[in-house]
Amino acid sequence: MLPLKEEILHIIYESFAKWSAGFSFACTKNCAACCTQNVTMTAIEGEVIHRLLREDGREAWLAQGLREKGATFRPRMTTNDFAGACLQGEDIQPEQVGNMSPCPFLEEGCCRIYEARPFACRCFASEQRCFSGTSALLPEYYLSASTAVMQIIEHLGQGEYWGNMLDVLAALCDLPENKSYAALLPPSFTNQARMQIIKAKPLPGFLLLDGKMEKISPLLDAIFTSKVGEKTVESILNGR
Ligand code: SF4
Ligand code: SF4
């Protein structure tokens, strides 16, 4: 049986997959210019990846990917930090992502952790084929809905690690269940990763696009009204 937070995470992933199924994207297998080392995620999403790799016996493969990572993008604000500042009227500019090196989980154009990939990878798409150096093209309400879902996932993992995917995976390596990784990484590797990441924050409110709520609400309703046992996801997220 999955831990409660992972169960909710899978409900969120499925709700988003159903909601976004109606979009027509240019994304295809082997198109992977977007698969860089700039992905951010929560610890819950990291635990999903670790579980997959432990079950597959791919600990050495992950340790090698982590050792070889480049100058990873390390944001100073989480999505909820950014939303909170915007809702307070602060003039905050989004941080510049800087490391376009390929994600270490990309091999021969395919994601090798596809079923466990974090939400940032699940929502990244484009209506027109993008190439290195060009931006993805997406409707504003899709971006607004994706940001809202990222905020919910961060809220779910509040107080836990939040940061670059590779740093979060490295930081989680010395949990008891991930001990098999420790011997494969240089001493103090996980401690260094911990120093690079920040903590997930509670939801300060959504940054939703006015005038498009009729398109976004079905997604949020599907997430909040889903049930785990007797409780709705909304009541669990509210701590009830
Ligand atoms: S977002 Fe762009 S680079 Fe990524 S799969 Fe879609 S079209 Fe390809
Ligand atoms: S985890 Fe997979 S989908 Fe995400 S950036 Fe890496 S290769 Fe791409």
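Just so we're clear, the structure is a prediction, and the values are computed from it rather than from any experiment.

What to know about the overall build of the protein
Part 1: When its secondary structure is counted, the protein shows 11 helices and 7 strands.
Part 2: The C-alpha radius of gyration computed for the protein amounts to 18 Å, which stays within 12% of the reference 18 Å derived for 240 residues, consistent with globular compactness.
Part 3: For the protein, the C-alpha atoms occupy an extent of roughly 50 × 45 × 35 Å along the three principal directions.
Part 4: Counting only residues that meet the buried cut, the protein has 32% of its 240 residues in that class.
Part 5: Partitioning the intrachain contacts of the protein with sequence separation of at least 6 by distance along the chain shows that 83% fall at a separation of at least 24.

Considering the sheet that holds strand 4 (residues 161-164)
Part 1: A sheet is described by the order of its strands in space; here 3 strands give the open sequence 1-4-5, paired in antiparallel fashion. Unpaired on one side and paired on the other, strand 1 (40-42) and strand 5 (198-199) mark the two borders of the sheet.
Part 2: One ladder, built from 3 bridges, connects strand 1 with strand 4; its direction is antiparallel. Its bridge partner lying in strand 4, Thr40 is registered against Asn164.

Quick look at the site of ligand 1
Part 1: Around ligand 1 sit Ala26, Cys27, Cys31, Ala33, Cys34, Phe124, Ala125, Ser126, Arg129, Cys130 and Ala136, and that is every residue in its neighbourhood.
Part 2: In the shell around ligand 1, the residues fall into 9 nonpolar, 1 polar and 1 charged.

Regarding the site of ligand 2
Part 1: The environment of ligand 2 is formed by Cys35, Val39, Cys103, Phe105, Leu106, Cys111, Ile113, Arg117 and Cys121.
Part 2: Residue composition of the shell around ligand 2, by class: 8 nonpolar, no polar and 1 charged.

Notes on unusual backbone geometry
Part 1: Non-glycine residue Asn30 carries a positive phi angle of around 75 degrees.
Part 2: Topologically, Asn30 is positioned in the loop between helix 1 (4-20) and strand 1.
Part 3: Judged by the 7 C-beta atoms lying within 10 Å of it, Asn30 is exposed.
Part 4: In this structure, Ser188 is a non-glycine residue whose phi angle is positive, near 65 degrees.
Part 5: Looking at where Ser188 falls in the secondary structure, it is placed in the loop between helix 8 (179-182) and helix 9 (189-196).
Part 6: According to the C-beta neighbour criterion, Ser188 is exposed, with 10 such atoms within 10 Å.

So, the pairing of strand 4
Part 1: As defined by bridge partners, strand 4 adjoins strand 5 across 2 bridges and the pair is classed as antiparallel. Pairing of Trp162 across the sheet is with Ile198, part of strand 5.

So, the packing of helix 1 against helix 10 (residues 213-225)
Part 1: Viewed as axis vectors pointing N to C, helix 1 and helix 10 meet at an angle of 150 degrees, and their least axial separation amounts to 9 Å. Between helix 1 and helix 10, the angle is such that the two are roughly antiparallel. Handedness of the helix 1/helix 10 crossing: right-handed. Along its contact with helix 1, which presents Ile11, Ile12, Ser15, Phe16 and Trp19, the element helix 10 presents Pro218, Leu219, Ala222 and Ile223.
Part 2: By residue class, the composition of the contact of helix 1 with helix 10 is 8 nonpolar, 1 polar and no charged.

Concerning the nonpolar core
Part 1: Judged by nonpolar contacts, the single largest core of 46 residues is most densely connected at Ile12, Val149, Ile153, Val168 and Leu169.
Part 2: Of all the secondary-structure elements, those providing two or more residues to this core are helix 1, helix 2 (43-56), helix 3 (59-67), helix 5 (119-123), helix 6 (140-156), strand 4, helix 7 (165-171) and helix 10.
Part 3: For this core, the leading source of residues is helix 6, giving 8 residues.
Part 4: Beyond its immediate chain neighbours, meaning those up to four positions away, Val149 contacts Ile12, Phe16, Phe119 and Cys123.

Things to note about the environment of Ser15
Part 1: Residue placement: Ser15 occurs in helix 1.
Part 2: The spacing of Ser15 and Glu107 is 92 residues in sequence and 28 Å in space, taken between C-alpha atoms.
Part 3: Among residues more than four places away in sequence, those in contact with Ser15 are Leu219, Ala222, Ile223 and Ser226.

Observations concerning the packing of helix 1 against helix 6
Part 1: At a minimum axis separation of 11 Å, helix 1 and helix 6 run at an interaxial angle of 175 degrees. Classified by the angle between their axes, helix 1 and helix 6 sit roughly antiparallel to one another. Residues Lys5, Ile8, Leu9, Ile12 and Phe16 of helix 1 pack against Val149, Ile152, Ile153 and Leu156 of helix 6.
Part 2: Counted by class, the contact of helix 1 with helix 6 contains 8 nonpolar, no polar and 1 charged residues.

Criteria and thresholds
Residues numbered from 1 in each chain as written. Chains lettered and ligands numbered in written order. Predicted model: local features only at pLDDT ≥ 70, side-chain atom pairs only at ≥ 80, totals over all residues. Helix = DSSP H or I, 4+ residues; strand = E, 2+ residues; numbered from the N terminus. Rg over C-alpha atoms; globule rule 2.2 N^0.38 Å. Buried ≥ 20, exposed ≤ 12 C-beta atoms within 10 Å, placed from the backbone. Contact = placed C-beta atoms within 7 Å. Pairing = 2+ DSSP bridges. Near = placed C-beta within 6 Å. Nonpolar A, V, L, I, M, F, W, Y, C, P; charged D, E, K, R; others polar. Axes fitted to C-alpha atoms, helices over the stretch in contact; angles between N-to-C directions. Parallel < 35°, antiparallel > 145°, perpendicular 65-115°, else oblique. Left-handed = near helix turned anticlockwise from the far one by under 90°. Core = buried A, V, L, I, M, F, W, Y, C linked by C-beta atoms within 7 Å.

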